[in-house]
Amino acid sequence: MDANRGQNGIQMLLAAEQEAQHIVNAARTAKMARLKQAKEEAEKEIAEFRAQMEAEFQRKIEQSSGDSGANVKRLEQETDIKINHLKTEASRISHDVVQMLLRHVTTVRN
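Keep in mind it's a predicted model, so treat the numbers as computed, not measured.

### Considering the overall build of the protein
Here is step 1: What the protein contains, in helices and strands, is one helix and zero strands.
Here is step 2: Here the protein, with 110 residues, has 0% of them falling under the buried criterion.
Here is step 3: Summed over all atoms, the accessible surface of the protein reaches about 10,500 Å², with 59% contributed by carbon and sulfur.
Here is step 4: Separation between the mean location of the 17 positive side-chain charges and that of the 17 negative ones in the protein comes to 7 Å.

Spelled out as structure tokens, the structure:
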């Protein structure tokens, strides 16, 4: 009877060990499934974020390149205005500059 009881105890321990092994395997499988799901969700979020950033980048490029024609026209207009201003100022003071140069050239110093 003691041998029978010992045999039953060993059988119970083996059964408990197998059950524990199944529980550990199930937990390991569930953990791996959660990790895989988390990785897929992270990759999806990264792809969405990358697409959003790319769209914003393309929008900024379109805005800046679309304005380049307007910028060129504006710069040409500003340049023309400055050139005309310089010509006007030069014609306004050219007579005075010529007179000053003639006075300095024709003045004799000892």
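### Looking at a negative patch on the surface
Here is step 1: Negative charge collects at one region of the surface, where Glu-40, Glu-41, Glu-43, Glu-45 and Glu-48 lie side by side.
Here is step 2: When you line up the elements, Glu-41 lands in helix α1 (residues 2-106).

### Notes on the pattern of salt bridges
Between side chains of opposite charge, a pair can form as their charged atoms come close.
Here is step 1: Taken as a whole and judged by the stated rule, the model has three salt bridges.
Here is step 2: As a salt-bridge pair, Glu-56 and Lys-60 come within 3.7 Å of each other at their nearest N and O atoms. Of the two residues, Glu-56 and Lys-60 both sit in helix α1, four residues apart, roughly one turn of that helix.
Here is step 3: Assessed through its relative accessible area of 30%, Glu-56 is described here as partly exposed.
Here is step 4: Here Arg-74 ties to Glu-78 by a salt bridge, and the two come within 3.0 Å at their closest N and O atoms. Separated by four residues within a single helix, Arg-74 and Glu-78 lie in helix α1, roughly one turn from each other.
Here is step 5: The exposure class of Arg-74 is partly exposed, given its relative accessible area of 38%.

Reading the values: the criteria
- Residues numbered from 1 in each chain as written.
- Predicted model: local features only at pLDDT ≥ 70, side-chain atom pairs only at ≥ 80, totals over all residues.
- Heavy atoms only, no water.
- Helix = DSSP H or I, 4+ residues; strand = E, 2+ residues; numbered from the N terminus.
- Buried < 20%, exposed > 50% of the residue type's maximum accessible area, 1.4 Å probe, protein only.
- Areas by Shrake-Rupley, 256 points an atom, 1.4 Å probe, with all protein chains shown as cover.
- Lys, Arg positive; Asp, Glu negative; His and termini not counted.
- Charge placed at Lys NZ, Arg CZ, Asp CG, Glu CD.
- Patch = residues over 30% accessible without salt bridge, like charges linked within 9 Å, V, L, I, M, F, W, Y side chains within 5 Å.
- Salt bridge = Lys/Arg side-chain N within 4 Å of Asp/Glu carboxyl O.

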